[in-house]
Every structure is written in structure tokens, then in C-alpha cells.
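Residues per chain, in single letters:
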Amino acid sequence: MTRHLLLATVASIMPAFASAQTVLQINSSLPEGSFAHVFLQEYEQRLEAAAPDEIDVQIFMSNTLGKEEDVLQGLSLGTHHASLSASAVSQINTRTAIFDLPYLFEDRAAVQTFAESPAGEMLADGFDGSGMVLAAMWDNGFRQITNAVRPIVVPADLDSLKIRTPTNKQRVEMFNTLGANATPLSFGEVYSALDQGTIDGQENPANVVDTAKLFEVQGYMSLSNHVYLPTFLVFGEPYLASLDEDLRETMMTVAKEMAPWTFDWGETTDTETIAALADKLEINEIDFAAFQAAAAPLYESPTFVDVIGADMIAATKTALGIE
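Here is a short report on the structure shown in this document. (Residues numbered from 1 in each chain as written. Predicted model: local features only at pLDDT ≥ 70, side-chain atom pairs only at ≥ 80, totals over all residues. Heavy atoms only, no water.)

## Describing the overall build of the protein
In terms of regular secondary structure, the protein is built from 13 helices and ten strands. Its C-alpha atoms give the protein a radius of gyration of 21 Å, near enough to 20 Å, the size a compact globule of 323 residues would have. Overall, the C-alpha framework of the protein stretches about 85 × 45 × 30 Å when taken along its three principal axes. For the protein, the proportion of its 323 residues judged to be buried stands at 50%. Contacts spanning at least 24 positions in sequence make up 76% of the contacts within the protein whose residues lie at least 6 apart. Of the accessible surface of the protein, which amounts to about 14100 Å², a share of 52% is contributed by carbon and sulfur atoms. Here the protein contributes 16 positively and 45 negatively charged side chains, and the mean placements of these two sets differ by 5 Å. (Helix = DSSP H or I, 4+ residues; strand = E, 2+ residues; numbered from the N terminus. Rg over C-alpha atoms; globule rule 2.2 N^0.38 Å. Buried < 20%, exposed > 50% of the residue type's maximum accessible area, 1.4 Å probe, protein only. Contact = heavy atoms within 4.5 Å. Areas by Shrake-Rupley, 256 points an atom, 1.4 Å probe, with all protein chains shown as cover. Lys, Arg positive; Asp, Glu negative; His and termini not counted. Charge placed at Lys NZ, Arg CZ, Asp CG, Glu CD.)

Here it is as C-alpha cells:
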């Protein structure tokens, strides 16, 4: 009799305990096993350790919670909690398009210098009024060009090739300027479009080429390093407003403290991934000077300057020591 009473008491307590935990759902457009998945799992582990029994982090890969653009909109509406996104945020905070300027960041150390500078603060402030808050910038990687037709060594090799780009005007103009036929698509459509021959190629970090198995439908990877793009961990303001202040601060602090770890992971993984992809794709270096010269007009293009802001470009150059 006593045992049954004890079990009933425990059963009545458990739901109350579970409901006391705050749920944090984070969306990503990338698949399980991708770098984004690794980062979110690390964040889950660190955050749940920093706030034991307070937070239940739930990770949703491959846009399980909806299209990336819809999820980002949902952050401001309070229907979604958080997203780990990349190019798509430039439609919300145009200052993030600074990362679309080609050949701006030499290495990951330069990216971290930027993130901790007044220019990085200016970028974060660009989310004001959007209904979302930037928690941290994590690694993503330098982007490479893959295609199924030929090696890309000089810009002329891009002529007539349909190259998928993210759905932002800056990347579209960049590839059109370099000679390709830029074709904006949501990332979720890329594999099938490559497989069906609707597009010839795409541009993404090497790790994405590997984890999304794009090598199955591509023959060549050219190490262009044309832009570096981080991932942005963003939270919806309505969600953050619903949290206890201490928990909110912990979530933001853990995200920022994890940033250097993601950059170190990315550096190591890039080297290992490119070496492994050499067995699956033909890999080549590009003529860097030729591409840099072809891309130079973009620094004066209204598509970039009017969107990013001359002040944002100037602050970034100052942070990076660029004349």
C-alpha cells in the first residue's frame, strides 16, 4: 500500500518537474551530420550543463520546422524560438551582407577580429527592430565552387555555367559579374537540381559538399575561397522575453563563449574534408589574382554599398587593417 502511494506521488511530481524545464527549439537548414549539427549538439551539451534541469534543447535539422525564411519570420512572431542560419539573414539584417564582399577575410582569425570589433557590434545592432537578436557568430567556412562540367581556374571558366547561389542579390551579382549564370535556390532544393541537371554547380564550404553528399552529383571542386560566411545563431525576441533573466543571460553567454571552438573545429575539419573529397572529386586551385581583379568592381557596386552601408564597409576595413 505504501509502495503504491509512493509511486503515485512520484508520478504526480514528474509532470510538474518536466513542465518546469524551458524548451528551446533550434532550426537549421543543413542535414544531420553537418557542421551545423555538430555545433548545435555542442551548444546543447554546454547549455544544459550550464543550466541543469532548467533547459531542454531540441535540435531540428533539414528545415524540419519549416523553410528557413519562414522560420526566421517566425522568430519575430513568437512561433519559433531560434535558428542557426547563414545567407538567409541578409534579407533581414542587410549589414550581414558584408560577408558577401569577395576576398575580404584572409582567414578565420580575421573573422574573429571582426566579430569582436566595433564593426561586429554594428552588425549585431543591425538586427534591432527585426524581432530577433544575434546570440553569436559561429564558423561556416570559406566557400568553394563545385560543378559537373569542368575545373574552374579563371573567371572565363564560369561562362555559361548555371551556378546555384543563396537567395540574396549580392551573391547573385557576384557570380554574374564573374561570368556565371547565377541561379538562386533554397539550399533544400540544391541536390535534386544538381541531380536533374537543372543547374551545373553550386558554391558552399567543403564540409557542406561532403555532408550533403553533393559530390555524388558533381565532378569538380575549385578552391576559390571567394567569400567567408559565418553562421548566425539568432533568437526570437518574443521567446527571449518569455525567459527568466538569468537563463536568458546564460543562453547568450554560452553561445558567445563557444564561438572560438567552432572556428578551431572548422579550420581542422576543412583540411581533413578537402583531403577526403580528393577521392570523390577532381580538386584544383584557382587563379586568385584573376578572380580578385574580376571581382573588384563589386566593391563600388550599389548592390553591395547601398545594402551593406558605406559605414559598415568602412568600419570593417578599419577592423581588419585594410587601407
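## Focus: the nonpolar core
Membership of the largest hydrophobic core comes to 95 residues, with the highest contact counts inside it found for Leu 24, Tyr 43, Phe 99, Trp 138 and Phe 235. Examining the composition of this core, we find that nine residues originate from one element, helix α10 (residues 245–277), more than from any other. When neighbours within four sequence positions are excluded, Phe 235 is seen to be in contact with Leu 24, Tyr 43, Leu 75, His 81, Ala 82, Gly 131, Met 132, Val 133, Ala 135, Leu 240, Met 251 and Met 252. (Core = buried A, V, L, I, M, F, W, Y, C linked by side-chain atoms within 4.5 Å.)

## Quick look at helix α5 (residues 118–125)
Two residues of an α-helix separated by three or four positions point the same way, owing to the 3.6 residues in each turn. Regarding α5, the residues found buried are Ala 119, Gly 120 and Leu 123. Along α5, the residues classed as buried sweep out an arc of 100° about the axis, all on the same side. Within α5, the exposed residues directed more than 90 degrees away from the buried face are Pro 118 and Glu 121. Each element contacted by the buried residues of α5 is listed here: α4 (108–115), β4 (132–147), β9 (228–236) and α13 (310–320). (Arc of directions from axis to C-beta.)

## Looking at the pattern of salt bridges
Considering all chains together, one arrives at eight salt bridges under this definition. One connected set of salt bridges, linked through shared partners, spans Asp 100, Arg 143, Arg 171 and Glu 203. (Salt bridge = Lys/Arg side-chain N within 4 Å of Asp/Glu carboxyl O.)

## Notes on the environment of Thr 79
Counting through the fold element by element, Thr 79 comes out in the loop between α3 (68–77) and β3 (82–85). Taking the C-alpha atoms as reference, Thr 79 lies 41 Å from Leu 158; in sequence the two are 79 residues apart. Side chain to side chain, Thr 79 and His 80 meet in a polar contact 3.0 Å long. (Polar contact = N/O pair within 3.5 Å; in protein donor to acceptor, adjacent residues only side chain to side chain.)

## Brief notes about the packing of α4 against α13
Two numbers describe how α4 lies on α13: the axes approach to 9 Å, and their chain directions differ by 120°. Considering their axes alone, α4 and α13 lie oblique with respect to each other. As for the relative orientation of α4 and α13, their crossing is right-handed in sense. In this structure, α4 contributes Ala 110, Thr 113 and Phe 114 to the contact, and α13 contributes Met 312, Thr 316, Ala 319 and Leu 320. Looking at side-chain class alone, the contact of α4 with α13 contains five nonpolar, two polar and no charged residues. (Axes fitted to C-alpha atoms, helices over the stretch in contact; angles between N-to-C directions. Parallel < 35°, antiparallel > 145°, perpendicular 65-115°, else oblique. Left-handed = near helix turned anticlockwise from the far one by under 90°. Nonpolar A, V, L, I, M, F, W, Y, C, P; charged D, E, K, R; others polar.)

## Some remarks on the pairing of strand β8 (residues 220–223)
The two faces of β8 match: Tyr 220 and Ser 222 on one face and Met 221 and Leu 223 on the other face are all buried. Sheet analysis places β4 next to β8, joined by three bridges and oriented antiparallel. Residue pairing for β8: Asn 147 is matched across the bridge by Tyr 220. Here four bridges tie β8 to strand β10 (residues 282–285), and the two strands are oriented parallel to one another. Paired with Met 221 across the strands is Ile 283, a residue of β10. (Pairing = 2+ DSSP bridges.)

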